[in-house]
Amino acid sequence: TRPQSMRGLKLLISAGPTREPLDPVRYITNRSSGKMGYAIAEAAQQAGADVTLVSGPVNIPVPDNIHVVKVETAQQMFDAVMNQAHRCDIYIGAAAVADYRPAQIQDHKIKKQHADNIIELTQNPDIIASVAGLPKKPFVVGFAAETDDLANYASQKLHSKNLDMIAANWVGQSEGGFDSDHNALQVFWPGGSQHFAMTDKQYLAHQLVKLITEKFNEKNPA
Ligand code: PMT
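Cut-offs used in this document
Residues numbered from 1 in each chain as written. Predicted model: local features only at pLDDT ≥ 70, side-chain atom pairs only at ≥ 80, totals over all residues. UniProt positions renumbered as here; feature names shortened; annotations may be inferred. Helix = DSSP H or I, 4+ residues; strand = E, 2+ residues; numbered from the N terminus. Contact = placed C-beta atoms within 7 Å. Near = placed C-beta within 6 Å. Nonpolar A, V, L, I, M, F, W, Y, C, P; charged D, E, K, R; others polar. Pairing = 2+ DSSP bridges. Axes fitted to C-alpha atoms, helices over the stretch in contact; angles between N-to-C directions. Parallel < 35°, antiparallel > 145°, perpendicular 65-115°, else oblique. Left-handed = near helix turned anticlockwise from the far one by under 90°. Buried ≥ 20, exposed ≤ 12 C-beta atoms within 10 Å, placed from the backbone.

If you look the protein up in an unreviewed UniProt entry, it shows as Coenzyme A biosynthesis bifunctional protein CoaBC from Methylomonas methanica.

Laid out in structure tokens, this is it:
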């Protein structure tokens, strides 16, 4: 049995992709499977946390003893997260949220002869930055999915989104990242960094939960 290091803490986590509809049958999405976020939700639950998981559309069964809220779009994910965020101690943004959505959702299926029109996009709300901007801010952990210059972009996101910690992963490589059963993380917080080597997402999730607990306790001494 593991030590119940997160006992008494309310943890809110997002996982999976979002789906941004174009018309009744088409949408824009990404390759997130939800595996990373679900693994963290389970690891935190096993560490004693009271876990709520806001999940985009994924093919993973709902885990036992975790409250799951299912959403599709970034706006729905924003609403579900903001509805809970003021009562959580820790927020983890593992979801791959679409930064943009089609400006208009067509009521009817777009016809082939009109499909070469340019799709106009509009920006989605930044969920994690909104959580980090709450007056009673929880401990906020972001993810950064990068194909280049990982350390630089991750540190920029840590500061610009006002996060307590960011877990950066390389994406678009043969191993790890989106949809893989494995991942590696470089975690940054103000003043420090730690590398977790390539392993399965379940073991990685336990390592990350342990580090988050440590840093949460440093920031919130009993
Ligand atoms: O789901 P898997 O297949 O297991 O893959 C895991 C993963 C690669 C998706 C995961 O490890 C990961 O990196 N998730 C974040 C992906 C992402 O969208 O990163 P980003 O660098 O674009 O966003 C940075 C942070 O801002 C993230 O915490 C993201 O959740 C958050 N964000 C982004 C945009 C937005 N509108 N709102 C947000 O909250």
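More follows now that the structure is in view.
S.K.: I'm lost on the UniProt feature "binding site: CTP" (unreviewed entry) in the protein in this one. Help?
M.R.: The sites that UniProt annotates as "binding site: CTP" (unreviewed entry) are Asp99, Lys109, Pro125, Asp126, Ile127, Ile128, Phe143, Lys157 and Lys161. Of the residues just listed, which span 63 residues, the most distant C-alpha pair is 37.3 Å apart, and they do not cluster in one region. As for its placement among the helices and strands, Pro125 is situated in the loop between β8 (121–123) and α3 (127–132). Not counting chain neighbours up to four residues away, the residues in contact with Pro125 comprise Gln75, Phe78 and Ser130. Its place among the elements puts Ile127 in helix α3. When near neighbours in sequence (up to four residues on either side) are disregarded, Ile127 contacts Ser14, Met77, Phe78, Val81, Gly93 and Val97.

S.K.: How do you make sense of the site of the ligand when you look at a structure like this?
M.R.: Neighbouring the ligand are 28 residues; Ser33, Met36, Gly93, Ile127 and Ile128 lie closest to it. Listed by contribution, the elements that provide at least two residues to the shell around the ligand are α1 (35–46), α3 and β9 (139–146). If one sorts the elements of the shell around the ligand by residue count, β9 sits on top with four residues. Of the residues belonging to the shell around the ligand, the class tally is 13 nonpolar, 10 polar and five charged.

S.K.: For this particular structure, what's the right way to read the sheet that holds strand β12 (residues 192–200)?
M.R.: Hydrogen bonds between backbone groups are what pair the strands of a sheet, and the pairing can be parallel or antiparallel. With respect to topology, eight strands assemble into an open sheet ordered β5-β4-β1-β6-β9-β10-β11-β12, the strand pairing being mixed. Taken across any chain shown, the strands that pair with only one partner, and hence form the sheet edges, are β5 (67–70) and β12. Along the sheet, successive strands turn relative to each other by an average axial angle of 15 degrees, direction set aside. Across six bridges, the pairing between strand β1 (residues 10–15) and strand β4 (residues 50–55) is parallel. Directly across from Leu11, in β4, lies its bridge partner Val51. Its contacts with the sheet put helix α4 (residues 150–160) on β9, β10 (165–170) and β11 (182–189), and the angle it makes with β9 is roughly 150 degrees. The strands touched by helix α5 (residues 201–219) within the sheet are β6 (90–93), β9, β10, β11 and β12, with β12 carrying the most contacts at an inclination of about 160 degrees.

S.K.: What am I meant to see in the packing of α1 against α5 here?
M.R.: Geometrically, a packed helix pair is captured by the angle between its two axes and the distance between the axes. One can describe the packing of α1 onto α5 by two numbers: an axis separation of 8 Å at closest approach and a directional angle of 55 degrees. Here α1 is positioned oblique relative to α5, judged by the angle of their axes. Where α1 crosses over α5, the handedness of that crossing is right-handed. Along the contact surface, α1 presents Lys35, Met36, Ala39, Ile40, Glu42, Ala43 and Ala44, while α5 presents Lys201, Gln202, Ala205, His206, Leu208 and Val209. Of the residues assigned to the contact of α1 with α5, the class counts are eight nonpolar, two polar and three charged.

S.K.: Would you mind going over the environment of Met165 with me for this structure?
M.R.: Mapped onto the elements of the fold, Met165 is located in strand β10. Judged by the 24 C-beta atoms lying within 10 Å of it, Met165 falls in the buried class. With 26 residues separating them in the primary sequence, Met165 and Phe139 have C-alpha atoms 8.4 Å apart. Among residues more than four places away in sequence, those in contact with Met165 are Val141, Val187, Trp189, Ile212 and Lys215.

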